[in-house]
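Letter by letter, the chains look like this.
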Amino acid sequence: MSHTLGIRQAQKQKTRQALMDAALVLLEEQSLSSLGLREVTRAVGVAPTAFYRHFRSTADLGVALVEEALGSLHPMIRTTVTADGTSQERITRAVELIAGHVTAYPAHVRFIARERHGGVQPVRKAIREQLARFAEEVKTELAKDAESEGWSDDDLLMLSHLYVDQMLVTASLFLEALESSPEDRERVSRLAARQMRLISIGRRHWLD
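Residues numbered from 1 in each chain as written. Predicted model: local features only at pLDDT ≥ 70, side-chain atom pairs only at ≥ 80, totals over all residues. Heavy atoms only, no water.

**A look at empty space enclosed by the protein**
Enumeration according to the criterion identifies 1 cavity of 30 Å³ or more in this entry. Counted as a void, the largest cavity has a volume near 170 Å³. In terms of lining residues, the largest cavity is bounded by 14 residues, among which Thr 80, Arg 90, Ile 91, Tyr 163 and Ser 200 are the most central. Among the elements of the structure, α5 (74-81), α6 (87-104), α9 (153-176) and α10 (182-204) are those that each provide at least two residues to the lining of the largest cavity. Considered class by class, the residues forming the lining of the largest cavity number 7 nonpolar, 3 polar and 4 charged. (1 Å grid on protein atoms, 1.4 Å probe; cavity = no way out; pocket = protein on both sides within 12 Å on 5 of 7 lines; lining within 4 Å. Points joined across faces, edges and corners; volume = space filled by probe spheres on them. Helix = DSSP H or I, 4+ residues; strand = E, 2+ residues; numbered from the N terminus. Nonpolar A, V, L, I, M, F, W, Y, C, P; charged D, E, K, R; others polar.)

Okay, structure coming up:
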């Protein structure tokens, strides 16, 4: 009996993932607010009623996509601001990590960029909560840095949000440059590094 249940659970998870993958493909060309569940189920080849075994609504599906797109990034975000290395080394590492992620998961990055200010409130909320988690985690890492001596928690959190916002901007820039020439992508890398360096310079002089 347990073996049968295990097979059913695996099949259920497979169908759930197929629905999410199909939605992500469809969302390359439209926003979540215009996506119909029948479009998604048709793409997977299941009955529309099967959708509700996995998600309450397309908004619920969107929240699951937010978790898939951002939930696994927490270790990467912390790595970008860890105290290891010089400031320039950290910036270089951050830009390289972001560029690599955009190249590997462009549909996820495009989804977050579009839906962060989109028309589906639960999805906006889910993205906002994930970004707030990133900022808290970045703040924890920044607090370990000698440059953070004398900083208040509020100021560290403000700085953390600046870094997180800049990472999103950098991801969007790389996304736009995906189909461009290597020279264009290199220009994006240099611009992203300069923008992060500007934040770092401001950080060093904040308490002056």
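After that view, the rundown keeps rolling.
**A few points about the confidence of the model for the protein**
The predicted coordinates should not be examined in detail at positions where pLDDT is low. Residues at a pLDDT of 70 or more form 96% of the protein, whose mean pLDDT is 90. Ranking the helices and strands of the protein by mean pLDDT puts helix α4 (residues 58-70) first, with 96, and α5 last, with 74. (pLDDT = per-residue confidence, 0-100.)

**What to know about the nonpolar core**
A general trend in soluble globular proteins is that nonpolar side chains are found buried together. If you look at the biggest cluster of nonpolar residues, it comprises 57 residues, and the most contacted ones within it are Val 66, Leu 70 and Phe 111. In this view, Val 66 contacts Gly 71, Phe 111, Ile 112, Val 123, Ala 126, Ile 127 and Gln 130; residues no more than four positions away in its chain are not counted. (Core = buried A, V, L, I, M, F, W, Y, C linked by side-chain atoms within 4.5 Å. Buried < 20%, exposed > 50% of the residue type's maximum accessible area, 1.4 Å probe, protein only. Contact = heavy atoms within 4.5 Å.)

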